[in-house]
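Per-entry structural report
Residues per chain are reported as follows:
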Amino acid sequence: GPNLKEKDWKPWSCKELGPRTPGAAPWVEKKCARGGEPCASKGCCAEPGMQCYTQSPYYSQCKPSCTPGEKANAWEPEWECKAVGMRTPRSHNEAEQ
């Protein structure tokens, strides 16, 4: 249907406007943090869809999401969840899975 906020009444055409998202650059897998290693010094995560978050000024990790104050275990410090860098993009094919 039509978008009620647009200046014309025409519905979307769903016409492709450009190339699909290619995902992360080839160097990301080699240069960015993997698995549970600290990521703040590298500023990026190797795995698609991951974001670098800080637990404290001294520890960071790549995670799919983060809620301030969360703890994986009772004895661990709370996460402050400050994002470092940008989330690693997924390719078009990964996003559809």
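In case you missed it, the structure is sitting above this.
Everything quoted here is computed from the prediction, not taken from an experiment. (Residues numbered from 1 in each chain as written. Predicted model: local features only at pLDDT ≥ 70, side-chain atom pairs only at ≥ 80, totals over all residues. Heavy atoms only, no water.)

Quick notes on the sheet that holds strand S3 (residues 82-84)
Note on sheets: strands pair through backbone hydrogen bonds, and any given pair is parallel or antiparallel. An order of S2-S1-S3 is seen for the three strands of this open sheet, with the pairing classed as antiparallel. Each edge of the open sheet carries a strand with a single partner, namely strand S2 (59-63) and S3. Averaged over all neighbouring strand pairs, the angle between strand axes comes to 40°, with direction disregarded. With three bridges joining them, strand S1 (residues 51-56) and S3 adopt antiparallel strand pairing. Within S3, the position partnered with Tyr53 by the bridge is Ala83. (Pairing = 2+ DSSP bridges. Helix = DSSP H or I, 4+ residues; strand = E, 2+ residues; numbered from the N terminus. Axes fitted to C-alpha atoms, helices over the stretch in contact; angles between N-to-C directions.)

With respect to the pattern of salt bridges
Applying the stated criterion across every chain, the model contains three salt bridges. Between Arg34 and Glu29 there is a salt bridge, with its nearest N and O atoms 3.6 Å apart. For Glu29, a relative accessible area of 52% corresponds to the exposed category. Glu70 serves as the salt-bridge partner of Lys63, at 2.6 Å between the closest nitrogen and oxygen. Judged by its relative accessible area of 25%, Glu70 is partly exposed. (Salt bridge = Lys/Arg side-chain N within 4 Å of Asp/Glu carboxyl O. Buried < 20%, exposed > 50% of the residue type's maximum accessible area, 1.4 Å probe, protein only.)

Description of the environment of Gly36
Structurally, Gly36 is set in the loop between helix H1 (28-31) and S1. On the accessibility criterion, Gly36 (45% relative accessible area) is partly exposed. Along the primary structure Gly36 and Ser60 are separated by 24 residues, whereas in three dimensions their C-alpha atoms are 8.9 Å apart.

Some words on the environment of Tyr59
Mapped onto the secondary structure, Tyr59 falls in strand S2. The class for Tyr59 is partly exposed, based on a relative accessible area of 28%. A C-alpha to C-alpha distance of 7.7 Å links Tyr59 and Ala40, two positions 19 residues apart in sequence. Setting aside chain neighbours within four positions, we find Tyr59 in contact with Gly36, Pro38, Thr54 and Trp79. (Contact = heavy atoms within 4.5 Å.)

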